[in-house]
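# Topology and contacts: notes
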Amino acid sequence: EDPVLTERAAMVNTRVPGASARRVESLVTEKIVEKIREFDEVKEVRSTSRANISTVIITLADEIAEVDEVWARVRDKVS
(Lines give C-alpha, C1' and ligand atoms only; values in the text may rest on other atoms or scores of the structure.)
Protein backbone atom coordinates (compact mmCIF):
# COMPACT_ATOMS: atom_id res chain seq x y z
CA GLU A 1 0.00 0.00 0.00
CA ASP A 2 2.73 2.46 0.98
CA PRO A 3 5.89 1.46 -0.89
CA VAL A 4 9.27 2.48 0.47
CA LEU A 5 10.85 4.93 -1.96
CA THR A 6 14.60 5.28 -2.06
CA GLU A 7 15.92 8.82 -2.52
CA ARG A 8 18.39 8.49 -5.40
CA ALA A 9 18.67 12.18 -6.23
CA ALA A 10 19.43 15.30 -4.22
CA MET A 11 19.66 19.01 -4.85
CA VAL A 12 22.14 21.40 -3.26
CA ASN A 13 21.11 25.06 -3.46
CA THR A 14 23.55 27.69 -2.26
CA ARG A 15 22.68 31.37 -2.05
CA VAL A 16 25.40 33.93 -2.70
CA PRO A 17 23.65 37.31 -2.45
CA GLY A 18 25.04 39.98 -4.76
CA ALA A 19 27.28 37.61 -6.77
CA SER A 20 27.19 37.38 -10.55
CA ALA A 21 26.63 34.01 -12.26
CA ARG A 22 30.34 33.80 -13.14
CA ARG A 23 31.36 34.47 -9.54
CA VAL A 24 28.85 31.94 -8.19
CA GLU A 25 30.26 29.37 -10.65
CA SER A 26 33.88 29.91 -9.61
CA LEU A 27 33.37 30.38 -5.86
CA VAL A 28 30.70 27.78 -5.16
CA THR A 29 29.47 25.53 -7.97
CA GLU A 30 32.83 24.32 -9.25
CA LYS A 31 34.01 23.48 -5.72
CA ILE A 32 30.87 21.53 -4.83
CA VAL A 33 30.90 19.60 -8.11
CA GLU A 34 34.60 18.78 -7.68
CA LYS A 35 33.98 17.32 -4.20
CA ILE A 36 30.88 15.37 -5.26
CA ARG A 37 32.70 13.75 -8.18
CA GLU A 38 35.07 12.11 -5.68
CA PHE A 39 32.28 9.64 -4.81
CA ASP A 40 32.19 6.41 -6.82
CA GLU A 41 28.53 5.99 -5.91
CA VAL A 42 27.51 9.13 -7.83
CA LYS A 43 26.16 8.45 -11.31
CA GLU A 44 25.53 12.02 -12.46
CA VAL A 45 26.19 15.58 -11.33
CA ARG A 46 24.47 18.51 -13.02
CA SER A 47 24.87 22.13 -12.08
CA THR A 48 23.54 25.57 -12.83
CA SER A 49 24.98 28.88 -11.73
CA ARG A 50 22.89 32.03 -11.85
CA ALA A 51 23.27 35.41 -10.25
CA ASN A 52 22.93 34.90 -6.49
CA ILE A 53 22.40 31.09 -6.55
CA SER A 54 24.15 27.81 -7.30
CA THR A 55 22.18 24.61 -7.93
CA VAL A 56 23.83 21.19 -8.04
CA ILE A 57 21.77 18.04 -8.71
CA ILE A 58 23.28 14.72 -7.66
CA THR A 59 22.05 11.30 -8.81
CA LEU A 60 23.28 8.06 -7.26
CA ALA A 61 24.11 4.95 -9.28
CA ASP A 62 21.26 2.44 -9.55
CA GLU A 63 23.20 -0.38 -7.89
CA ILE A 64 23.69 1.53 -4.60
CA ALA A 65 21.53 -0.09 -1.93
CA GLU A 66 22.62 1.81 1.21
CA VAL A 67 21.75 5.33 0.10
CA ASP A 68 21.43 6.82 3.59
CA GLU A 69 25.10 6.16 4.32
CA VAL A 70 26.14 7.69 0.98
CA TRP A 71 23.96 10.78 1.50
CA ALA A 72 25.46 11.26 4.97
CA ARG A 73 28.98 11.25 3.48
CA VAL A 74 27.90 13.62 0.70
CA ARG A 75 26.42 16.05 3.28
CA ASP A 76 29.66 15.93 5.28
CA LYS A 77 31.77 16.61 2.18
CA VAL A 78 29.59 19.51 1.02
CA SER A 79 29.65 21.07 4.49
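Above this text is the structure in question.
Quick summary incoming for the structure in this document. Model, not experiment: these values are computed from the prediction.

On to the pairing of strand β3 (residues 53-60). A regular strand places its side chains so that they alternate between the two faces of the sheet. Here β3 lies mainly inside the structure; 7 of its 8 residues are buried. Alignment of strand β1 (residues 9-15) against β3, held across 7 bridges, turns out to be antiparallel. Across the sheet, R15 pairs through a bridge with I53, a residue of β3. In terms of strand pairing, strand β2 (residues 42-50) meets β3 through 8 bridges, oriented antiparallel. Residue pairing in the sheet places S47 in a bridge with V56 of β3. In sequence, β2 turns back onto β3 through a hairpin of 2 residues, with N52 there showing a positive phi of about 80°.

An α-helical segment advances 3.6 residues per turn. Residues three or four places apart therefore align on the same side. Along helix α1 (residues 21-36), the sharpest change in direction is near 35° and occurs at T29. Those residues of α1 hidden inside the fold are in contact with β1, β2, β3 and α2 (67-78).

The topology assignment puts T29 in helix α1. Side-chain polar atoms of T29 contact the side chain of S54, separated by 2.7 Å. Here T29 is in contact with V24, S47, T48, S49, S54 and V56, once residues within four sequence places are set aside.

This part takes up the pattern of salt bridges. What the rule picks out here adds up to 6 salt bridges. Two residues, R73 and E41, come together in a salt bridge whose shortest N-O distance is 2.6 Å. Note that R73 is positioned in helix α2 and E41 in the loop between α1 and β2, a separation of 32 residues in sequence. Take R73: its relative accessible area is 31%, and that puts it in the partly exposed class.

Conventions adopted
Numbering of residues starts from 1 in each chain and follows the order in which that chain's sequence is written. Reporting of local features is limited, given that this is a predicted model, to residues whose pLDDT is at least 70; pairs of side-chain atoms are given and counted only at 80 or more, and all residues count toward the totals for whole chains, interfaces and linings. For the side-chain quantities, the full set of heavy atoms in the structure was used; hydrogens and water were omitted. To sort residues, take the accessible area from a 1.4 Å probe on protein chains only and compare it with the maximum for the residue type: under 20% means buried, over 50% means exposed, and anything in between is partly exposed. Under the scheme used here, helices are H or I runs from DSSP no shorter than 4 residues and strands are E runs no shorter than 2 residues, and both carry numbers assigned from the N terminus. When DSSP finds at least two bridges between two strands, those strands are taken to pair. Bend at a given residue is defined as the angle between two axes, one fitted to the seven residues that end at that position and one fitted to the seven that begin there. Contact definition: two residues touch when any of their heavy atoms are within 4.5 Å. A 3.5 Å cut-off defines polar contacts: any pair of N or O atoms within that distance qualifies, except that in protein one atom must be a possible hydrogen donor and the other a possible acceptor, and neighbouring residues in sequence count only when both atoms are side-chain atoms. A side-chain nitrogen of Lys or Arg and a carboxyl oxygen of Asp or Glu constitute a salt bridge if their distance falls within 4 Å.

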